[in-house]
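# Notes for the structure review
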Amino acid sequence: MHSKWRRAFFRAFLVDGSTKPGVESVKKHLKIYELSEAANPPSVKFINASGVPANFVAPGDYVFWELLNNVVQEEPSEGSDPTTLGLFASIGIVKGQPFSPDQRMKKILTDAANIGAVTARTIAFKVRSKDAYFFPNSAWRLPFFAAISSRARPA
């Protein structure tokens, strides 16, 4: 059996301005393991990433597709729906197969990643739906627009 990595990034709440109670609570109560390991769960290794520089913004160039391919290769296929896996396959990203687009396709993918990054940032910074704001003509947006709007409009 291959080694499994279980990763979770999160923050705990401050208690009276201190991180210590939150960290202690997480270390005491958080358990991550597969159901098959319930009788003898493995220990959880905690890594303190406070103060460690990290960038969680997806790259807007060809590297995006290399990272996506790495995820597809490392994660179980069941983690994505068939439609999404089909879209990945249409550009050559298939689990168990090398991702090696030619120069023409690399240029297309580089442009696509850049356009996608710019489009996502544009949408994020100026949401068009009036329902995304606290009140008309406001710059103040609702923090969880999708969840709130879906609750307001029953299926």
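Small disclaimer: the values here were computed from a predicted structure and weren't measured. (Residues numbered from 1 in each chain as written. Predicted model: local features only at pLDDT ≥ 70, side-chain atom pairs only at ≥ 80, totals over all residues. Heavy atoms only, no water.)

With that settled, consider the environment of Tyr 62. With respect to the helices and strands, the residue Tyr 62 is situated in the loop between helix 1 (20-29) and helix 2 (63-74). A relative accessible area of 13% places Tyr 62 in the buried class. For the pair Tyr 62 and Asp 111, spaced 49 residues apart in sequence, the C-alpha to C-alpha distance is 8.0 Å. For Tyr 62, the residues in contact, after removing those within four places along its chain, are Phe 99, Pro 101, Lys 106, Leu 109 and Thr 110. (Helix = DSSP H or I, 4+ residues; strand = E, 2+ residues; numbered from the N terminus. Buried < 20%, exposed > 50% of the residue type's maximum accessible area, 1.4 Å probe, protein only. Contact = heavy atoms within 4.5 Å.)

Moving on: the pattern of salt bridges. Counted under the stated rule, the structure contains two salt bridges. Ionic pairing is found between Lys 20 and Glu 24, a salt bridge with its closest N-O pair at 3.9 Å. Of the two residues, Lys 20 and Glu 24 both sit in helix 1, four residues apart, roughly one turn of that helix. Relative accessible area serves as the criterion here: at 45%, Glu 24 is assigned to the partly exposed category. (Salt bridge = Lys/Arg side-chain N within 4 Å of Asp/Glu carboxyl O.)

What follows concerns unusual backbone geometry. Not every positive phi belongs to a glycine, and Asp 16 is a case in point at roughly 50°. In this structure, Asn 137 is a non-glycine residue whose phi angle is positive, near 60°. Mapped onto the fold, Asn 137 is located in the loop between helix 4 (103-125) and helix 5 (145-152). Using a relative accessible area of 86% as the deciding quantity, one classes Asn 137 as exposed.

Attention shifts here to the packing of aromatic side chains. Scanning the entire structure with this criterion turns up two aromatic pairs. Relative to Phe 99, the ring of Tyr 62 has its centre 6.3 Å away and its plane inclined at 10°; by these criteria the two rings are stacked. Remark: Phe 99 occurs in the loop between helix 3 (82-90) and helix 4 and Tyr 62 occurs in the loop between helix 1 and helix 2; sequence separation between them is 37 residues. You can call Phe 99 buried: its relative accessible area is 15%. With centroids separated by 4.8 Å and ring planes inclined at 90°, the aromatic side chains of Phe 64 and Trp 65 adopt a geometry described as edge-to-face. Using a relative accessible area of 12% as the deciding quantity, one classes Trp 65 as buried. (Phe/Tyr/Trp six-rings, centres within 6.5 Å; stacked < 30°, edge-to-face > 60°.)

For the rest of this paragraph, the subject is the nonpolar core. Counting nine residues, the largest nonpolar core consists of Tyr 62, Trp 65, Leu 68, Val 72, Phe 88, Ile 93, Phe 99, Leu 109 and Ala 113. Mapped by element, the contributors of at least two residues to this core are helix 2 and helix 4. In terms of residue count, helix 2 provides more of this core than any other element does, three residues in total. Those residues within four positions of Ala 113 in sequence are excluded, and the remaining contacts are Gly 60, Asp 61, Phe 64 and Trp 65. (Core = buried A, V, L, I, M, F, W, Y, C linked by side-chain atoms within 4.5 Å.)

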